[in-house]
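# Per-entry structural report
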Amino acid sequence: MDTQVAAFTPKLQILELDLIADFACPWSYLGKRSLERALGNLYGAPVRTLRWHGFRSQAERAAAQMPWPEHLAIRLPPGVSVDFAQRNLVETGRDLGISFDFSRLTRLPDTREAHRLVRLAAREERHSEVVDVLFRAFFEQGRDIGDSQVLKALAGESGLAAQALAAFADPAMGRDEVAAEE
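What counts and how
- Within every chain, residues take consecutive numbers counted from 1 along the sequence as written.
- Local features in a predicted model are, by the rule used here, given only for residues with pLDDT of at least 70; side-chain atom pairs are given and counted only at 80 or more, and totals for whole chains, interfaces and linings are based on all residues.
- Working from all heavy atoms in the structure, the side-chain values ignore hydrogens and water.
- Strands here mean DSSP runs of E at least two residues long; helices mean DSSP runs of H or I at least four residues long; both are numbered from the N terminus.
- The contact criterion used is simple: two residues touch if any of their non-hydrogen atoms lie within 4.5 Å.
- Only protein chains enter the calculation, and the probe is 1.4 Å; a residue is then buried if its accessible area is under 20% of its type maximum, exposed if over 50%, and partly exposed in between.
- By the convention used here, strands pair only if DSSP detects at least 2 bridges between them.
- Here an angle of 0 to 180 degrees is reported between the N-to-C directions of two axes, which are lines fitted to C-alpha atoms, with helices fitted over the stretch in contact.
- Angles are sorted into four bins: roughly parallel if under 35 degrees, roughly antiparallel if over 145, roughly perpendicular if 65 to 115, and oblique for all others.
- Throughout, a crossing is termed right-handed when the near helix is turned clockwise from the far one, and left-handed when it is turned anticlockwise from it by less than a right angle.
- Note that Gly is not counted as nonpolar here; it falls among the polar residues with everything else outside the nonpolar set of Ala, Val, Leu, Ile, Met, Phe, Trp, Tyr, Cys and Pro and the charged set of Asp, Glu, Lys and Arg.
- What pLDDT expresses is the predictor's confidence in each residue, scored from 0 to 100.

### As for the environment of Ile145
- You can see Ile145 is positioned in the loop between helix 6 (127-140) and helix 7 (148-157).
- Along the backbone, Ile145 and Pro109 are 36 residues apart, and their C-alpha atoms lie at a distance of 6.3 Å.
- If we ignore the near neighbours within four places in the chain, the residues touching Ile145 are Phe23, Pro109, Asp110, Thr111, Ala114, Leu134, Ala137, Phe138, Leu151 and Leu154.

Put into structure tokens, the structure is as follows:
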């Protein structure tokens, strides 16, 4: 007797993930890397590229240009020192391939333009690369990701097409989208 058994295989849903964070938040960097590690171990469910949504709280907008240690101190729970938090972040980051170098950070950048750059990079599906470059530039190299010249250089280093670079040169391009998300 030739009996065929047909196994029902449900169609796998594509996993879509949105990240809402800021480039000047070390916990956002850790969260992104942790999520990427977890997704790398996920079998069976296809994952689309992570979609990035920039978020700067009112406090962070008001704190732009504040000295880095002072900004971090405000965000910590009572009794937790900046030194302790930074040591903990360095140790946790090391396990995720992040080389935090807090000695290079002098002040909190205004990340609005960095978020605009990522929005423009998303148009050519290159936002994930740009997000990584921005996090590394700030937390590992101490570069000022609030400075438009630094951002232009990082955009070039990210391999963005000439069209995206030209769009970033126009301060109006993507500005309304970033403002709407905030």
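### Some thoughts on the pairing of strand 1 (residues 18-21)
- Across the two faces of strand 1 the burial differs, with Leu19 and Ala21 buried and Asp18 and Ile20 not buried at all.
- The pairing of strand 1 with strand 2 (residues 51-54) spans four bridges and is parallel. In the strand pairing of strand 2, Ile20 is matched with His53.

### Quick word on the packing of helix 1 (residues 26-40) against helix 4 (residues 82-95)
- In the contact formed by helix 1 and helix 4, the axes pass within 10 Å of each other and the chain directions differ by 20 degrees. The angle between the axes of helix 1 and helix 4 places the two elements in the roughly parallel class. Read as a crossing pair, helix 1 and helix 4 show a hand that is left-handed. Mapping the contact onto sequence places Pro26, Trp27, Leu30 and Arg37 in helix 1 and Leu89, Thr92, Gly93 and Asp95 in helix 4.
- Within the contact of helix 1 with helix 4, the residues separate by chemical class into four nonpolar, two polar and two charged.

### Side note on the confidence of the model for the protein
- Of all residues in the protein, 86% attain a pLDDT of 70 or more, and the chain-wide mean is 86.
- When pLDDT is averaged over each helix and strand of the protein, the minimum, 63, is found for helix 2 (residues 58-63) and the maximum, 97, for helix 4.

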